[in-house]
Amino acid sequence: MSGKRSGLSRRSFLATGGAIGGAALAGCLTGGGSGEETVKLGIIEDRSGNFALNGTPKYNASMLAIEELNEEGGILGNEIETFAPDPQSDNQRYQQLTRQAINEENVDALWAGYSSATRETIRPIIDQNEQLYFYTTQYEGGVCDSYTFCMGATARQQLGSVLPYMVENFGTDIYTIAADYNFGQLSADWVRVLADENDANVIGEEFIPLSVTDFGSTINNIQDADPDFVMALLVGANHTSFWNQRTSAGLDVPMGTSTVMAQGYQHKRLDPPAMANVYGGFNYMEEIPTDRNQEFVSRYYEKFPDAAYINEEAVNNYFSIKMYARAAEAVGSTNQADIIEELEKGMDVSAPEGDISLQGPVHHMTHNMRVFRCDEDHTITVEDEQQISEQFLSETVGCNLRENEETTQYVPADYYEEADATQE
Amino acid sequence: MNALNLLFQFADNFAFVVLAAVGLAVIFGMMGVINLGHGEFIMIGAYGTTLSANAGAPLPVAMAIGVLVTAVMGLILERTIIHRLYDRLFDSMVATWALGLILTQGMRILFGNSIPQVSTPLGNIAYGEFSYSTYRVLLLPVALLVLGGLYVLFTRTEFGIRARATIQDPDTARALGVDTDRMYTATFVIGSALAGLTGALYAPTLTVVPGMGSSFLVEAFVAVVVGGPSVLLGTTLSGGLLGTIDAVFTNLFGTFYGQIAMLLTAIVVIRVLSDGLTGLVETVRNRVEGE
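- An unreviewed UniProt entry lists chain B under the name Branched-chain amino acid ABC transporter permease, with Halarchaeum nitratireducens as the source organism.
- For chain B, the Subcellular location (unreviewed entry) comment in UniProt is given as "Cell membrane".

- As annotated in an unreviewed UniProt entry, chain A is Leucine-binding protein domain-containing protein from Halarchaeum nitratireducens.

Structure (structure tokens):
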């Protein structure tokens, strides 16, 4: 009895989905006028599994942006619909849901994925289908892709804000510990490039598998090398154990990071003083004291009173959804090729972190980067602030997506001798 | 290479392998049930400890609560689910794996993606330019105490003799008046309590999140497989072997090679010694006695 009923409802659900899909497709083909199109955004962010801690704020902030847009009349006079399943931190599920979002749900734009591994898993599907895609995590950089817009700060932007600050304040001997996968390896390459540009030296490096929870030997190795500061590019729940262990072992050398606190809010979760004297280069932490940010923070917690933190990626989802809406209004349709062309002209964006801008030819953002310091009570203060543009693709590689169609990820080792670890 | 560094790292690694494996080893060795939810039992112990400590309990009391909560959970699960799965090896693996998934997601739903963490007590031991967390080093004597306690329990008490009789020949044990059902329940509860103890001990030094159980699983299974059929001796020997190899390789070449060396050791031991380290001990002893 109940089985029969659910079968019926599923069929009618499919029929509705098909009708919506058909309408969206018709809209795309005719490039129709305002008030007649359906706008559907795909929001595929982890709410369970390994990355739930980082993905949940991304999902929340996306829903907040969409709710605010809908209150103001939606996009092109239409209420925004969402396709927002939980990918469960599983890359195979990401592939399946990405295909579903594109082929069955006909989403007009897609926000998906936390880790670089996830992005690289779904990017071929996105490129094959010429799907407009926003990747919002801070990442290693170098993705020059006609259909992908990278909204997070790149390693060169994040490290480029904190590393010069560390060199200036603590000295020139750097020890890098980094997560052992594509993001960590490439970020460590960037530490070497930036060290060279700032007349500093990387005196030691250790790559740590994501499964490692025991840092006794790593701490001893750092003590042995005796650096002026450590660059800690650690990722994930297992690596979070490093902070308690380093504090308990009495390792008090200052540490810079591009990964900790702004994503996994370790300063809120760990007992002080675990994160004392950690300096991060980020485009966002919820503690930014500006009025604009504090208003955003109170709107967020009004909608999600039980939420734990607003991380860097959440804010990137938030402003990029608003940015997409403005591009669609400017074009007058949800035609993806037209919107990409519009975005490639560049755009000034008013974001919670400050006034920033889209660098159209490379599909990346010029971010308002700050150096945040965590003290022994886990209070966050802003130590430094500057606008930093994406430089690797725009200046070093010479990527220009307005002129050339591309789907490449460039790596620093092909352009900088210091980044090529095999030459040492 | 600094000798004290190596010694402390060995202590740390030995304790981790032994404590990760001991609950699994008792349940597998005594009952033949492979508990794939073992890591999640450890996670429950860590949650019990951290939540009690956050509620104001002193750390030792919080740890006792963590152990108790896991033991009670083990009791309930044994009575409702596990006792149907004795002598059904593959069924028990699937069922306990599912239990692990339910526990992970259940804790996520109940307490969120993260809870406030407890900091590591007892400070550090400083020597020259180096220092090591006192708490992590003290886990070695704790691991040895646990092994010693289990040895006494299973060889020197009436309960131990009944439990071992139940394992070796349940029919004869029943004929002699041993309540074998109760023995199985008690053994499973002891295994659960040991997992809870591991969680309690590591709660102040690892990140307590719903998925933390998986970080114990590799060491636990490798230790049990390398150890072989004799539970206590096997866990001790594999803790010693794997702890040494991990400490030496990590110290010389970094954590990445430490992990590789440990897995290679497991492969070699499984290939060369199909009955694990205790199988080797048995063979040597038989040969010596035969001469």
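After that view of the structure, there is still more to cover.
1. Topic: the overall build of chain A
- Of the regular secondary structure elements, chain A holds 13 helices and 16 strands.
- Taking the principal axes of the C-alpha coordinates as reference, chain A spans close to 65 × 55 × 40 Å.
- Taking all 424 residues of chain A together, the buried fraction comes to 54%.
- Residue pairs in contact within chain A that sit at least 24 positions apart in sequence constitute 70% of those at least 6 positions apart.

2. As for the environment of Ala337(A)
Residues and elements named next belong to chain A.
- Its location among the elements puts Ala337 in helix α12 (residues 336-343).
- Judged by the 14 C-beta atoms lying within 10 Å of it, Ala337 is partly exposed.
- Sequence separation between Ala337 and Ser146 is 191 residues; the distance between their C-alpha atoms is 9.9 Å.

3. So, the UniProt feature "domain: Leucine-binding protein" (unreviewed entry) in chain A
- UniProt feature "domain: Leucine-binding protein" (unreviewed entry): in the numbering of this structure it lies at residues 38-377 of chain A.
- End C-alpha atoms of residues 38-377 of chain A are separated by 49 Å, and the span's content is 43% helix alongside 21% strand.

4. Notes on the domain arrangement of chain A
All names here are of chain A.
- Entries for chain A in the domain assignment read domain 1 (2-153 + 288-367 + 388-409) and domain 2 (156-283 + 413-423).
- Here the C-alpha centre of domain 2 lies 30 Å away from the C-alpha centre of domain 1.
- With 23 residues of domain 1 at the contact, the number on the domain 2 side is 20 residues.
- Put simply, the parts of the chain that give the side of domain 1 that touches domain 2 at least two residues each are α2 (52-71), α4 (116-128), α11 (312-331) and α13 (392-397).

5. Examining the nonpolar core
- Counting residues in hydrophobic clusters, the biggest one holds 199 residues, and the most contacted among them are Val191(A), Ala15(B), Leu19(B), Ala21(B), Ala46(B) and Ala223(B).
- Sort the elements by how many residues they give to this core and helix α1 (residues 3-31) of chain B lands first, with 19 residues.
- For this core, the domains that each give at least three residues are domain 1 (2-153 + 288-367 + 388-409) and domain 2 (156-283 + 413-423) of chain A.
- In contact with Ala46(B), not counting residues within four places along its chain, are Gly66(B), Gly199(B), Ala200(B), Tyr202(B), Ala203(B), Val208(B) and Met212(B).

6. So, the interface of chain A and chain B
- Listed by partner, the interface residues are 34 residues for chain A and 37 residues for chain B.
- At the level of secondary structure, the elements contributing two or more residues to the side of chain A that touches chain B comprise α2, β8 (201-208), α7 (216-225) and α8 (236-248) of chain A.
- When grouped by side-chain class, the residues that make up the side of chain A that touches chain B number 11 nonpolar, 17 polar and six charged.

7. Notes on the pairing of strand β2 (residues 130-133) of chain B
All names here are of chain B.
- Residues of β2 alternate between two faces, with Phe130 and Tyr132 on one and Ser131 and Ser133 on the opposite face, all of them buried.
- Taken together, the four bridges between strand β1 (residues 124-127) and β2 define a ladder with antiparallel strand orientation. Bridging across to β2, Ile125 finds its partner in Tyr132.
- Hairpin connection, β1 to β2: the antiparallel pair is bridged by two residues, and Gly128 has positive phi, about 60°.

8. Some words on α4(A)
All names here are of chain A.
- Taking 1.5 Å per residue as the helical rise, α4 with its 13 residues ought to reach 18 Å, and the 19 Å between its terminal C-alpha atoms agrees with that figure.
- A maximum bend of about 35° is found in α4 at Ile122, where proline Pro124 lies one to four positions downstream.
- Looking at α4, one finds that the buried residues are Ser116, Thr118, Arg119, Ile122, Arg123 and Ile126.
- Against the buried residues of α4 lie α3 (91-104), β3 (109-112), β4 (133-135), β5 (143-145), β6 (148-150) and α6 (182-197).
- Following α4 by one or two positions, Glu130 has its phi on the positive side, about 50°.

9. Points about the pairing of strand β9 (residues 229-233) of chain A
All names here are of chain A.
- Along β9, five of the five residues are buried, which leaves the element largely enclosed by surrounding structure.
- Because side chains alternate across β9, one face comprises the buried residues Phe229, Met231 and Leu233, and the other comprises Val230 and Ala232, equally buried.
- With five bridges connecting them, strand β7 (residues 173-179) and β9 associate as parallel partners. The residue of β9 that forms the bridge with Ile177 is Ala232.
- Summarising the sheet, β9 and strand β10 (residues 255-257) pair through two bridges and their orientation is parallel. Its bridge partner lying in β10, Val230 is registered against Met255.
- For the segment spanning β9, α8 and β10, crossover handedness is right-handed.

10. Brief notes about unusual backbone geometry
Residues and elements named next belong to chain A.
- A cis amide bond links Pro272 with the next residue in sequence, Pro273, at an omega value of 5°.
- Within the secondary structure, Pro273 sits in the loop between α9 (266-269) and β11 (278-282).
- Even without glycine at this site, Asn106 takes up a positive phi of about 50°.
- Here Asn106 is to be found in the loop between α3 and β3.
- The class for Asn106 is buried, based on 22 C-beta atoms found within 10 Å.
- With a phi angle near 60°, His363 is a residue other than glycine that sits in the positive phi range.
- Within the element layout of this structure, His363 appears in the loop between β13 (354-359) and β14 (364-374).

11. A look at the packing of α1(B) against helix α9 (residues 214-227) of chain B
Residue and element names in this part refer to chain B.
- Direction vectors running N to C along α1 and α9 enclose 65°, while the axes themselves pass 8 Å from each other. When you trace α1 past α9, the crossing you get is right-handed. Taken together, the residues of α9 that come into contact with α1 (itself represented by Phe16, Val17, Ala20, Ala21, Leu24, Ala25 and Phe28) are Phe216, Glu219, Ala220, Ala223, Val224 and Gly227.
- Taken together, the residues of the contact of α1 with α9 sort by class into 11 nonpolar, one polar and one charged.

Quick notes on the rules
- Residues numbered from 1 in each chain as written.
- Chains lettered and ligands numbered in written order.
- Predicted model: local features only at pLDDT ≥ 70, side-chain atom pairs only at ≥ 80, totals over all residues.
- UniProt positions renumbered as here; feature names shortened; annotations may be inferred.
- Helix = DSSP H or I, 4+ residues; strand = E, 2+ residues; numbered from the N terminus.
- Buried ≥ 20, exposed ≤ 12 C-beta atoms within 10 Å, placed from the backbone.
- Contact = placed C-beta atoms within 7 Å.
- Domains from an automatic or database assignment.
- Core = buried A, V, L, I, M, F, W, Y, C linked by C-beta atoms within 7 Å.
- Nonpolar A, V, L, I, M, F, W, Y, C, P; charged D, E, K, R; others polar.
- Pairing = 2+ DSSP bridges.
- Expected span 1.5 Å × (residues − 1).
- Bend = angle between axes of the 7 residues up to and from the residue.
- Right-handed = clockwise from strand over helix to strand, strands pointing away.
- Axes fitted to C-alpha atoms, helices over the stretch in contact; angles between N-to-C directions.
- Left-handed = near helix turned anticlockwise from the far one by under 90°.

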